[in-house]
Amino acid sequence: IKHANELVFMWQKTKHDVGIAENDTHQLTIGSMMSIWDIVLQDWLQKIHRNLEDVSLFTSTYSTTELNKKVISRVIDIAFVFEPPFIEDFVTEKVATVPLHLVTTDPDYDGVGTLENYVMVDYGESVNIQHMRAFQDSPPAKHRMSQPRIALNYILEAGGSAHLPRQMTFEYVQKNQLFIIENAPVYSREIFAIYLAKSQKVDIIEQAIQLFPYLSH
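**Examining helix α7 (residues 202–209)**
Looking only at α7, the buried set comprises Val202, Ile204, Ile205, Ala208 and Ile209. Down the axis of α7, the sector holding all buried residues measures 165 degrees, keeping them to one side. Those residues of α7 hidden inside the fold are in contact with β1 (26–32), α2 (34–51), β2 (55–61), β3 (78–81), β4 (90–104) and β9 (187–196).

**Looking at the packing of aromatic side chains**
Counted under the stated rule, the structure contains 3 aromatic pairs. Summarising the aromatic geometry, the rings of Trp44 and Phe80 are spaced 5.1 Å apart at their centres and angled 70 degrees between planes, so their arrangement reads as edge-to-face. One end of the pair, Trp44, is in helix α2; the other, Phe80, is in strand β3, and 36 residues separate them in sequence. Note on accessibility: Trp44 and Phe80 belong to one class, buried. Feature note: the residues Trp44, Phe80 and Phe212 constitute an aromatic cluster, connected by ring pairs.

**Regarding the pairing of β3**
Residues Ile78 and Phe80 line one face of β3 and the alternating positions Ala79 and Val81 line the opposite face, and both faces are buried. Bridging between β1 and β3 involves 3 bridges; their strand directions are parallel. Within β3, the position partnered with Ile30 by the bridge is Ile78.

**Let's talk about the layout of surface pockets**
One number sums up the size of the largest pocket: a volume of about 360 Å³. Forming the boundary of the largest pocket are 19 residues, of which Asp38, Ile39, Val40, Asp43 and Gln167 lie nearest the centre. Of all the secondary structure elements, the ones that give two or more residues to the lining of the largest pocket are α2, β4 and α6 (166–174). Looking at which element gives the most residues to the lining of the largest pocket, the answer is α2, with 7 residues. Among the residues forming the lining of the largest pocket, the class breakdown is 11 nonpolar, 3 polar and 5 charged. Here the second largest pocket defines a volume of roughly 230 Å³. Lining the second largest pocket are 13 residues, with His131, Met132, Pro140, Ala141 and Arg144 positioned closest to its centre. Mapped by element, the contributors of at least two residues to the lining of the second largest pocket are β5 (118–121) and α4 (125–134). No other element matches the 3 residues that α4 contributes to the lining of the second largest pocket.

**A word on empty space enclosed by the protein**
Rolled over the atoms, a probe as big as a water molecule pinpoints where empty space is left. Enumeration according to the criterion identifies 1 cavity of 30 Å³ or more in this entry. Put simply, the largest cavity is a space of about 40 Å³. As for the largest cavity, its lining consists of Tyr118, Met120, Val121, Tyr123, Val127, His131, His163 and Tyr187. Elements with a contribution of two residues or more to the lining of the largest cavity: β5 and α4. For the lining of the largest cavity, the leading source of residues is β5, giving 3 residues. Looking at the lining of the largest cavity, its residues break down into 6 nonpolar, 2 polar and no charged.

About the cut-offs
Residues numbered from 1 in each chain as written. Predicted model: local features only at pLDDT ≥ 70, side-chain atom pairs only at ≥ 80, totals over all residues. Heavy atoms only, no water. Buried < 20%, exposed > 50% of the residue type's maximum accessible area, 1.4 Å probe, protein only. Helix = DSSP H or I, 4+ residues; strand = E, 2+ residues; numbered from the N terminus. Arc of directions from axis to C-beta. Contact = heavy atoms within 4.5 Å. Phe/Tyr/Trp six-rings, centres within 6.5 Å; stacked < 30°, edge-to-face > 60°. Pairing = 2+ DSSP bridges. 1 Å grid on protein atoms, 1.4 Å probe; cavity = no way out; pocket = protein on both sides within 12 Å on 5 of 7 lines; lining within 4 Å. Points joined across faces, edges and corners; volume = space filled by probe spheres on them. Nonpolar A, V, L, I, M, F, W, Y, C, P; charged D, E, K, R; others polar.

Below, the structure is given as structure tokens:
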């Protein structure tokens with residue numbers, strides 16, 4: 001099934017390439033982990049649409065290992081990951097630092113002691129280790145979720161707490177649907193763009209990356 005999906009992806013990409021060539025525009029193939037799409041990339045795509053009119057976007061979602069392979073094989077032009085690989089042919093650029101605040105649906109919850117109804121979101125090894133150290137006396141999280149968006153929707157509906165990106169929780173905090181636990185540790189995750197140093201699309205890749213607020217000066 002995986003091989004069949006790859007064939008379908010390449011067929012769609014090739015078909016898209018032909019259409020783009022006929023319209024004299026540039027295709028940018030972007031790959032990312034699902035959680036990074038939710039945190040920062042959707043707004044960035046809108047900036048590309050507004051600022052780079054001759055660029056056509058083709059997006060996909062993969063694991064970190066798959067993203068690295070697809071950049072090397074030139075299937076993907078830019079990939080976004082939490083933990084970039086040390087590969088000589090890659091250019092690696094930090095595009096965002098994401099603060100992860102502990103938020104809860106309970107306005108009276110102070111975050112001290114045990115974490116009840118806590119949803120553990122997988123942000124990678126470094127954050128997991130920090131969390132275990134900070135809450136070593138707490139019981140294991142009842143729920144574990146790989147995507148912050150899923151965790152956000154879950155606690156909004158069922159109640160509970162989770163460490164979530166500030167970018168995703170801001171509007172709910174403003175509406176008093178979520179409350180930041182001020183005395184809880186704040187974690188952070190850095191997001192990196194990786195691409196081939198010898199890519200034929202380096203110029204358009206660099207223009208697109210410069211549209212991130214973190215890099216805009």
